[in-house]
Protein chains: 2
Amino acid sequence: MASKSNIFTIASETGYSVSTVSRVLTGQAEKFRISKKAIDLISETARRVNYQPDLVAQTLRTRQSRTIGLLVPGIDNPFFATLAGIIIKMLGDRGYHTLLADSRESETEEEQALQMFLGRKVDGIISVPVSSSAARLEQISQQIPVVLIDRHFRKTNLPYVCTDNYAGARMAAEYLLQRGYKRILAIQGVRSSMPNQERLRGFEDALKRQAVQYAAVGNAFSVENGHDQTIALFAGADKPFDAVFAFSATILLGAIDAFRELNMKVGKEVGIISFDNNGFLDFLDPAVTRVEQPLREASELAVETLFSIMEARREGRPDPDLLQRLIPPTLVVRSSC
Amino acid sequence: MASKSNIFTIASETGYSVSTVSRVLTGQAEKFRISKKAIDLISETARRVNYQPDLVAQTLRTRQSRTIGLLVPGIDNPFFATLAGIIIKMLGDRGYHTLLADSRESETEEEQALQMFLGRKVDGIISVPVSSSAARLEQISQQIPVVLIDRHFRKTNLPYVCTDNYAGARMAAEYLLQRGYKRILAIQGVRSSMPNQERLRGFEDALKRQAVQYAAVGNAFSVENGHDQTIALFAGADKPFDAVFAFSATILLGAIDAFRELNMKVGKEVGIISFDNNGFLDFLDPAVTRVEQPLREASELAVETLFSIMEARREGRPDPDLLQRLIPPTLVVRSSC
DNA sequence: TAATTTTGCGCAATCGTTTGAGCAAAACGT
DNA sequence: ACGTTTTGCTCAAACGATTGCGCAAAATTA
């Protein structure tokens, strides 16, 4: 019979009115000058009958759900899983719950999820957007604070916190240069995605005035793509490249697999460097040199940003500005190049 | 101005009452003999004003949230992340949303999450339990259907779907025997956990009447544990074991790292086999032979089980029985032993 | 003692929906 | 033409909380 109790139960048990009970239970007792006697009796009774507020009713009445909608494009991707883990924890610490939706890289599912967030009256949204246009999110942002993470739109005033992919790619390419590689291949992910475009730009900017050859192929953040592109280019007798820059850990794995098939020694015959975090990369042989994204820092910043907007709006202030942040990734040097 | 419209807006716009509007919008039109004219006008108006039902109000009134609470002990663990991904997708397909909570292996946080699920009026709970007792979940189960996944309690009537860890461990140990290994070391995870106990039992049962030596050490599903135990036992000149059975992928990684430090060739000087799924294991060199858990099948079964209970209860039938399932894992043979 | 202030609390509306009960008008049967 | 059924809809009460307003009794002041 747990939890069948509501505010009326307590009201009749104690002889006080529901208003008084509510005020006591929401901590507004002194504000309304409720007597100590009443406070004690009510709290005691609440405990005794194991009262738990109905969060749904509370939400309906107060228009606040203490819930944040978190939208990722693939929770089974370790990257987003870690992100989600951190964010859920941080929100929990602030007394907020998380409604998680997975758009699975589909604009349709993204729209459905957003619709659902609206219907569920979330207090804020943290999203890794997949759609190509910011329009819908900007529209929603007028009602509910939205913060973008990991991906953003080129022209938007939506707040975001992303990795500085340009700087990261540049860093990786320059490291390859420094290690003496002369013919460098980039294997890309989804070309239309912002991170990929930025990485490509960084890659090219780093190499274009240098005495090296380079190219960029591929079009998916997948193991297959990494594998197939590698086979396609390295299967012949003359090797056109001496180093590979994988734009994601999945791509990297595919490439490594391909090199194994081709019997090429990674680190010796061909250098390899990767984007993305993945603790796993340290256990490959050789351990993979990579550009790691500051996941924790980004998550923290995103949550803080969201709460600062929520607070501002609650107090009727305009949104704080300058909320678009690029965080520089870090180069983790191992022995694969 | 999106979504400021409610059922009253539509009622006054169309001249019908809120009841009629509600019935049309919830698809109960013919049941209440609403005229085609009314249906058309109302649906059209709803579309025009971009009406989106307030799910919170709906939940309050109908006592149904179309939301399932999913509780995992660590969403950043790839295993649970994959699990969550599959489950979220499946629930989505059935028109349900997911409220995700992470207990982080803490009983306290688990209790908080459950409390939250109750307050949010979830229609069902899928949980990887961390607490040592089934009591609380059994109590909740009287109000809200609960299905356990991946972990269960020895004595409970709660429905669950878990890997058959006993069979899996046995399978692994027997495979090692078959490959001719004579001195086998198991590195365990958390000893108090049910999966670990079952694995240990399978391991011992497979070996105890055989002409081989064996031992089990360790007490954590962590990289460090795998590493440290390996170092402790293999650092000396005489190697006490010729094969290692890692009870999880994390343990395995630690062991592999240790063997690298010790300059021992995995697959040649020492055989190694692991529990757990992890696509990554194929990219290690040598690829790791392992016992894989049927994650997708388990998730599907869990969701189906949950829905069958929900349906039964909606119709006032008793819960279906025989809902405790152990799914046999599969041996994936690679070249590490 | 009378006027004023403070203390402590209750009434009832409200959030946006759903739903049991009821009712007038139209259609039908005889 | 008059009772009966069907059609098509409306009324108003929930669901469980929060909250603006108001008001009697007690305490204080003059």
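Residues numbered from 1 in each chain as written. Chains lettered and ligands numbered in written order. Predicted model: local features only at pLDDT ≥ 70, side-chain atom pairs only at ≥ 80, totals over all residues. Heavy atoms only, no water.

Caption draft 1: Structural view of the side chain of A:R199. All names here are of chain A. By the element assignment, R199 lies in helix α9 (residues 194-207). For R199, which is buried and forms no salt bridge, the nearest opposite charge comes from D276, at a distance of 4.5 Å. Beyond its immediate chain neighbours, meaning those up to four positions away, R199 contacts N165, A169, F221, F247, F275 and Q293. (Helix = DSSP H or I, 4+ residues; strand = E, 2+ residues; numbered from the N terminus. Buried < 20%, exposed > 50% of the residue type's maximum accessible area, 1.4 Å probe, protein only. Lys, Arg positive; Asp, Glu negative; His and termini not counted. Salt bridge = Lys/Arg side-chain N within 4 Å of Asp/Glu carboxyl O. Contact = heavy atoms within 4.5 Å.)

Caption draft 2: Fine view of the confidence of the model for chain A. This prediction gives chain A a mean pLDDT of 94; 99% of its residues lie at or above 70. Within chain A, strand β3 (residues 124-127) of chain A carries the highest mean pLDDT (98), whereas helix α5 (residues 78-93) of chain A carries the lowest (93). (pLDDT = per-residue confidence, 0-100.)

Caption draft 3: Broad picture of the protein's contact with DNA strand D. Near DNA strand D, the surroundings consist of 28 residues, among which A:N6, A:S22, A:R61, B:T20 and B:R23 are the closest. Backbone atoms, meaning sugar and phosphate, form 55% of the atoms of DNA strand D found within 4 Å of the protein. Residue A:S22 places a side-chain N or O atom 2.5 Å away from a phosphate oxygen belonging to DNA strand D. Separating a base nitrogen of DNA strand D from a side-chain N or O atom of B:R61 is a distance of 2.8 Å. Sorting the residues of the surface near DNA strand D by element identifies α2 (18-25) and α4 (55-62) of chain A together with α2 (18-25) and α4 (55-62) of chain B as the ones contributing at least two each. (Near = heavy atom within 4 Å. Polar contact = N/O pair within 3.5 Å; in protein donor to acceptor, adjacent residues only side chain to side chain.)

Caption draft 4: Here's a closer look at the interface of chain B and chain A. Contact residues are listed per partner, giving 47 residues for chain B and 47 residues for chain A. For the pair chain B and chain A, the summed buried surface comes to about 4100 Å²; carbon and sulfur atoms form 65% of the total. Its largest share of buried area at the contact with chain A, chain B owes to B:R120, B:F280 and B:F283, together 18% of the area lost on that side. Linking chain B to chain A there are four salt bridges. Its salt-bridge partner being A:K121, residue B:D54 comes within 3.6 Å of it at the nearest N-O pair. With six residues, helix α5 (residues 78-93) of chain B is the single largest residue contributor to the side of chain B that touches chain A. Here the residues of the side of chain B that touches chain A are counted per class, giving 20 nonpolar, 14 polar and 13 charged. (Buried area = accessible area lost by both parts, 1.4 Å probe. Nonpolar A, V, L, I, M, F, W, Y, C, P; charged D, E, K, R; others polar.)

Caption draft 5: View of the relation of the copies chain B and chain A. Mapping chain B onto chain A leaves a residual RMSD of 0.2 Å; the transformation is a rotation of 180° accompanied by 0.2 Å of translation along its axis. Here the copies are linked by what is in effect a two-fold axis. Of every C-alpha in chain B, the one belonging to B:L99 sits nearest the axis of rotation, 2.4 Å from it. Taken together, the interface assignments show that 100% of the residues at the interface of chain B recur at the interface of chain A, consistent with an identical surface on both copies. (Least-squares fit on C-alpha atoms with pLDDT ≥ 70 in both.)

Caption draft 6: Inspection of the pattern of salt bridges at higher detail. Residues and elements named next belong to chain A. All told, the structure shown has 37 salt bridges over all chains when counted by the stated rule. In this structure, R170 engages E174 in a salt bridge whose closest nitrogen and oxygen atoms are separated by 3.2 Å. Residue R170 and its partner E174 are both found in helix α8 (residues 165-178); the two are separated by four residues, about one turn of the helix. For E174, a relative accessible area of 35% corresponds to the partly exposed category. Here the salt bridges do not stand alone but share partners, grouping D282, R290, E292 and R334 into one network.

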